[in-house]
Amino acid sequence: MDVFGLLLFVLGLASSNLSAYNGHFSVMDYGATSDDQTDDSQAFLEAWNAACTALHLQSSTVYVPPQKTFLLNPIIFHGPCNPARINFLISGTIMAPESAGEWDGRDASEWLGFKNVNGLHVDGFGLVDGQGKAWWDQSCKYHPQLALKFMSCNESSVSNLKVVNSAQTHIVVKACNRFNIDNLVIESPGNSPNTDGIHIQSSHNVFLTNSKIGAGDDCISIGDYISNIEIRNVECGPGHGISIGSLGRDGNYVQVEKIRVIDAVFNGTSNGARIKTWQAGRGYVRDVTFQNLKFSYVKNPIIIDQNYCYIRNACEEQESGVQISNVNYKEVSGTSSTEIAINLNCSKFVPCFGISMESIQLMSAKAGNDVVASCSNAYGQELDVFPAPCLLR
Ligand SMILES: *[C@@H]1O[C@H](CO)[C@@H](O)[C@H](O)[C@H]1NC(C)=O
Ligand SMILES: *[C@@H]1O[C@H](CO)[C@@H](O)[C@H](O)[C@H]1NC(C)=O
Ligand SMILES: *[C@@H]1O[C@H](CO)[C@@H](O)[C@H](O)[C@H]1NC(C)=O
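Just so it is clear, the structure is predicted and the values come from calculations on it, not from any experiment. (Residues numbered from 1 in each chain as written. Chains lettered and ligands numbered in written order. Predicted model: local features only at pLDDT ≥ 70, side-chain atom pairs only at ≥ 80, totals over all residues. Heavy atoms only, no water.)

Per the secondary structure count, the protein includes four helices and 28 strands. Of all 393 residues assigned to the protein, the portion counted as buried reaches 52%. Accessible surface, the protein as shown: approximately 17,000 Å² in total, 48% of it carbon and sulfur. (Helix = DSSP H or I, 4+ residues; strand = E, 2+ residues; numbered from the N terminus. Buried < 20%, exposed > 50% of the residue type's maximum accessible area, 1.4 Å probe, protein only. Areas by Shrake-Rupley, 256 points an atom, 1.4 Å probe, with all protein chains shown as cover.)

What follows is the structure, encoded as structure tokens:
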């Protein structure tokens with residue numbers, strides 16, 4: 001060690017304790033009370049700032065110890081940070097305030113946000129509890145939007161966590177490139193409004209694996225400006241399924257491509273593999289694969305709705321639409337709780353083409369009932385599909 005190095009070493013020891021010098025920043029060392037009553041936001045922010053601004057470290061860790069519960073008001077953890085890697089280890093429980101009143105006067109657009117941090121890895125086998133119950137019966141307008149939001153985080157990940165009872169969407173990944181989501185459990189009641197599991201938007205190269213999601217809205221929803229997303233080995237239910245869209249609502253140019261959903265199980269969901277676009281939209285959804293899906297008591301196992309409109313009877317027919325092409329459904333089986341097991345409802349003006357269906361066996365969930373396939377303006381090929389035929393050639 002040269003003199004300069006020695007000086008840094010001594011300064012490091014003097015300015016903090018030894019564990020902090022090693023890049024380990026426990027929220028307990030920054031005044032967290034963990035009594036589940038006192039707001040610990042300030043302690044978390046200080047631990048974050050210390051970890052993020054640490055000098056001469058390749059990697060630093062914010063540590064939330066196990067067997068303790070921390071109450072946090074809305075916080076954003078900002079980057080960029082000095083270390084190339086920041087670990088955020090949640091081993092204990094993090095809770096949002098229970099009473100809606102405590103959010104008054106705060107920016108409630110997200111509860112815990114991470115912004116502009118590269119090399120962020122949130123992990124730790126802990127619990128993140130949004131305590132959304134108080135919000136679910138209030139009008140959406142007053143809701144905090146999200147539990148965990150990752151905004152502009154590249155080469156990052158969230159894994160090994162349980163996230164429950166968000167006021168609305170549990171996890172949002174937005175404007176991130178190379179982001180991994182692995183081994184999450186997401187749980188909210190099936191009747192909690194707008195509680196999507198995971199929403200991905202404006203992001204590229206996202207891998208979502210080995211997760212179990214039950215919520216009151218989409219288990220996974222994929223928004224606009226997306227490419228190369230792989231979803232593999234997920235369980236969905238209760239919930240509204242895995243949904244690409246809705247897209248093109250405001251007439252924007254949609255760019256969604258290279259989505260693969262592989263090895264997914266749907267239990268009691270309202271949709272399974274869904275693509276929904278508004279007539280006003282332009283642009284494309286293309287190169288989508290749904291493979292090895294298993295359905296149990298699902299209302300719409302396979303559905304494309306290119307006339308999506310949730311304002312009933314308020315949407316006039318328009319001569320525009322988002323072009324949907326090269327969608328492959330392969331190795332799909334299970335039961336539908338409604339008669340229409342396959343529903344490809346494409347636009348008269350911008351039909352779907354290049355649809356391929358192979359090895360599909362869908363039955364009615366009610367013994368003795370039939371299921372049918374319904375296709376409008378959908379072109380492609382099918383091989384070994386029941387119910388069929390459906391696609392135009
Ligand atoms: C992440 O990558 C995108 C493009 O790849 C870039 O525009 C953005 O600034 C990056 N974010 C950060 C925090 O560096
Ligand atoms: C589906 O969910 C129900 C109720 O939650 C459960 O009883 C059943 O075992 C599940 N079925 C499968 C195939 O996982
Ligand atoms: C297809 O979409 C149109 C327009 O929204 C709707 O009226 C029709 O019922 C849909 N067809 C099926 C089979 O869902």
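Okay, helix 3 (residues 41-53) next. Over its 13 residues, helix 3 runs 18 Å from end to end, which matches the ideal 18 Å to within 8%, given 1.5 Å per residue. For helix 3, the full list of buried residues reads Ser41, Ala43, Phe44, Ala47, Trp48, Ala50, Ala51 and Cys52. (Expected span 1.5 Å × (residues − 1).)

Time to look at the environment of isoleucine 186. Here isoleucine 186 shows up in strand 14 (residues 177-187). In sequence terms isoleucine 186 and glycine 214 are 28 residues apart; their C-alpha atoms lie 6.0 Å from each other. Non-local contacts of isoleucine 186, meaning those with residues more than four positions away in its chain, are made with Val163, His170, Ile171, Gly197, Ile198, Lys212, Ile213 and Gly214. (Contact = heavy atoms within 4.5 Å.)

Take the confidence of the model for the protein next. Close inspection of predicted coordinates is inappropriate for parts of the model with low pLDDT. Mean pLDDT for the protein: 92, with 90% of residues reaching 70 or above. This model gives residues 3-18 a pLDDT under 50, and the stretch forms nine contacts once residues within four places in sequence are excluded. (pLDDT = per-residue confidence, 0-100.)

With that settled, the discussion passes to the site of ligand 1. Around ligand 1, the surrounding shell consists of Asn116, Asn118, Ser152, Asn154 and Asn177. At 2.9 Å from an oxygen atom of ligand 1 is found a side-chain nitrogen or oxygen belonging to asparagine 118. Between ligand 1 and asparagine 154 there is a distance of 2.3 Å, counted from an oxygen atom to a side-chain nitrogen or oxygen. Here ligand 1 loses 45% of its free accessible area of 370 Å² to cover by the protein chains. Here the shell around ligand 1 is composed, by residue class, of no nonpolar, five polar and no charged. (Near = heavy atom within 4 Å. Polar contact = N/O pair within 3.5 Å; in protein donor to acceptor, adjacent residues only side chain to side chain. Nonpolar A, V, L, I, M, F, W, Y, C, P; charged D, E, K, R; others polar.)

The linkage connecting glycine 79 with the following residue, proline 80, adopts the cis geometry, with an omega of 0°. At serine 34, a position not held by glycine, the phi torsion is positive, near 55°. Among the structural elements, serine 34 can be located in the loop between strand 1 (24-26) and strand 2 (35-39). With a relative accessible area of 18%, serine 34 lands in the buried category. Residue aspartate 36 is not a glycine yet carries a positive backbone phi of 55°. Of note, aspartate 36 is situated in strand 2.

Turning next to the UniProt feature "active site" (unreviewed entry) in the protein. Here, UniProt's "active site" (unreviewed entry) annotation points to His240. You can see histidine 240 is positioned in the loop between strand 18 (226-236) and strand 19 (242-247). If we ignore the near neighbours within four places in the chain, the residues touching histidine 240 are Gly216, Asp217, Asp218, Cys219, Ser270, Asn271 and Arg274. (UniProt positions renumbered as here; feature names shortened; annotations may be inferred.)

A word on the packing of aromatic side chains. This model, assessed by the stated rule, comprises 13 aromatic pairs. Here phenylalanine 114 and phenylalanine 150 contribute two aromatic rings whose centre-to-centre distance is 5.3 Å and whose plane-to-plane angle is 5°, an arrangement assigned as stacked. One end of the pair, phenylalanine 114, is in strand 8 (residues 112-115); the other, phenylalanine 150, is in strand 11 (residues 146-151), with 36 residues separating them in the sequence. Phenylalanine 114 sits in the buried class, given a relative accessible area of 2%. With centroids separated by 5.5 Å and ring planes inclined at 90°, the aromatic side chains of tryptophan 278 and tyrosine 308 adopt a geometry described as edge-to-face. One end of the pair, tryptophan 278, is in the loop between strand 21 (271-277) and strand 22 (282-298); the other, tyrosine 308, is in the loop between strand 23 (300-305) and strand 24 (323-336), and 30 residues separate them in sequence. Of the residues examined, tryptophan 278 reaches a relative accessible area of 7% and is grouped as buried. By relative accessible area, which is 16% here, tyrosine 308 ends up buried. Through a chain of ring-to-ring contacts, the aromatic side chains of Trp48, Phe77, Phe88, Phe114, Phe150 and Phe179 assemble into a single cluster. Arginine 286 extends its terminal NZ or CZ atom over the ring of tyrosine 284, reaching a point 3.7 Å from the ring centre. (Phe/Tyr/Trp six-rings, centres within 6.5 Å; stacked < 30°, edge-to-face > 60°. Lys NZ or Arg CZ within 6 Å of the ring centre and 35° of its normal.)

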